[in-house]
Structures are given as C-alpha cells and as structure tokens.
Amino acid sequence: MDQENYIQIEVYCKQTQTPLEFIDDLLEFEMIEVQEIDNKNYVLPHHILEIERIYRLRNDLGINMEGIDTINHMLKKVNRLEQELKMLRDRLTIYESN
C-alpha cells in the first residue's frame, strides 16, 4: 500500500495537539476510516478536513459526538436531496423548452 498518500494519525495528533482519544471517538462512530500499515494508523488527507470540522463542532460549539453524528447524517441527507432537486430541475428544463 502506498504510504505517501496517507497521514499518520499519531504525527497529526502531535503536531495539531489533537487528543488521540478524539480520533478513537471518531472511529467508534465510524466518522473516519483508518488504514493500518506496519502497525501504525493512517488516514487519507480528505479525512483530515473531516477531523478538523468535527473537532471544531465539539470544542467550539460544545456538541457531543452523538449530536455530531446526527448532524452528519442530516447533512448527507440534505446533500442527497439537493442533488435530486438539481436532477429534477434539469429534467424539467428539457420539457419546458419544447
């Protein structure tokens, strides 16, 4: 597996002063995916953005992990509905132009 595309969790946590327990919470709620390479845990760069977003929600706004999980679920649903609405609008435009 190509390690250069991954970020080692322990290094990230040390550099950003993010508690490893927080990463454990994210894994418990399946909010991020971790790859184990040579007995070390790694994440893809796009998960770093998610870690930082969730960390701000928890620390700045005081939202617990259950609340963040609910927010994530609702955001995914809103995004899915927005995509569906765009698709339906595009289809409607085809019929309106005739």
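Everything numeric in this text was worked out from a predicted model, so none of it was measured. (Residues numbered from 1 in each chain as written. Predicted model: local features only at pLDDT ≥ 70, side-chain atom pairs only at ≥ 80, totals over all residues. Heavy atoms only, no water.)

(A) Highlighting a negative patch on the surface. Together, Glu-21, Asp-24, Glu-28, Glu-30, Glu-66 and Asp-69 make up a negatively charged patch on the protein surface. Those elements giving two or more residues to the negative patch turn out to be helix 2 (20–28) and helix 4 (65–96). With respect to the helices and strands, the residue Asp-24 is situated in helix 2. According to the relative accessible area criterion, Asp-24 is partly exposed, its value standing at 46%. (Patch = residues over 30% accessible without salt bridge, like charges linked within 9 Å, V, L, I, M, F, W, Y side chains within 5 Å. Areas by Shrake-Rupley, 256 points an atom, 1.4 Å probe, with all protein chains shown as cover. Salt bridge = Lys/Arg side-chain N within 4 Å of Asp/Glu carboxyl O. Lys, Arg positive; Asp, Glu negative; His and termini not counted. Charge placed at Lys NZ, Arg CZ, Asp CG, Glu CD. Helix = DSSP H or I, 4+ residues; strand = E, 2+ residues; numbered from the N terminus. Buried < 20%, exposed > 50% of the residue type's maximum accessible area, 1.4 Å probe, protein only.)

(B) Structural view of the sheet that holds strand 2 (residues 35–37). Strand order in this open sheet of three strands is 1-3-2, and the pairing throughout is antiparallel. The open sheet is flanked by strand 1 (7–8) and strand 2, the only strands paired with a single partner. Of the pairings in the sheet, the one linking strand 2 to strand 3 (residues 40–43) comprises three bridges and is antiparallel in character. Bridge assignment links Ile-37 to a residue of strand 3, and that residue is Lys-40. (Pairing = 2+ DSSP bridges.)

(C) The arrangement of the domain arrangement of the protein in detail. Under the domain assignment, the protein is made up of domain 1 (1–63) and domain 2 (64–97). Placing a centre on the C-alpha atoms of domain 1 and another on those of domain 2 gives a separation of 27 Å. In this assembly, 12 residues from domain 1 lie in contact with nine residues from domain 2. Taken over both partners, the interface formed by domain 1 and domain 2 buries close to 830 Å², and the fraction arising from carbon and sulfur atoms is 74%. The largest contributions to the domain 1 side of the interface with domain 2 come from Phe-29, Met-31 and Ile-63, which together make up 61% of the buried area. Between the two partners, domain 1 and domain 2, sit zero salt bridges. Scanning the region where domain 1 abuts domain 2 turns up one residue pair in polar contact (both at pLDDT 80 or more). Those elements giving two or more residues to the side of domain 1 that touches domain 2 turn out to be helix 2 and helix 3 (45–61). Looking at the side of domain 1 that touches domain 2 element by element, the count peaks at five residues for helix 3. Considering only residue class, the side of domain 1 that touches domain 2 consists of seven nonpolar, one polar and four charged. (Domains from an automatic or database assignment. Contact = heavy atoms within 4.5 Å. Buried area = accessible area lost by both parts, 1.4 Å probe. Polar contact = N/O pair within 3.5 Å; in protein donor to acceptor, adjacent residues only side chain to side chain. Nonpolar A, V, L, I, M, F, W, Y, C, P; charged D, E, K, R; others polar.)

(D) Here's a closer look at the packing of aromatic side chains. Using the criterion set out here, one finds two aromatic pairs in the structure. Taken together, a centroid distance of 6.5 Å and an interplanar angle of 75° make the contact between Tyr-6 and Tyr-42 edge-to-face. Note that Tyr-6 is positioned in the segment before strand 1 and Tyr-42 in strand 3, a separation of 36 residues in sequence. You'll find Tyr-6 and Tyr-42 in the same group, each marked buried. (Phe/Tyr/Trp six-rings, centres within 6.5 Å; stacked < 30°, edge-to-face > 60°.)

(E) Expanded view of the nonpolar core. Residues Phe-22, Ile-23, Leu-26, Ile-51, Ile-54 and Met-65 are the most contacted members of the largest nonpolar core, which totals 15 residues. Among the secondary structure elements, those contributing two or more residues to this core are helix 1 (9–16), helix 2, helix 3 and helix 4. A per-element tally of this core places helix 3 first, with four residues. When neighbours within four sequence positions are excluded, Ile-54 is seen to be in contact with Phe-22, Leu-26, Met-31, Met-65, Ile-68 and Asn-72. (Core = buried A, V, L, I, M, F, W, Y, C linked by side-chain atoms within 4.5 Å.)

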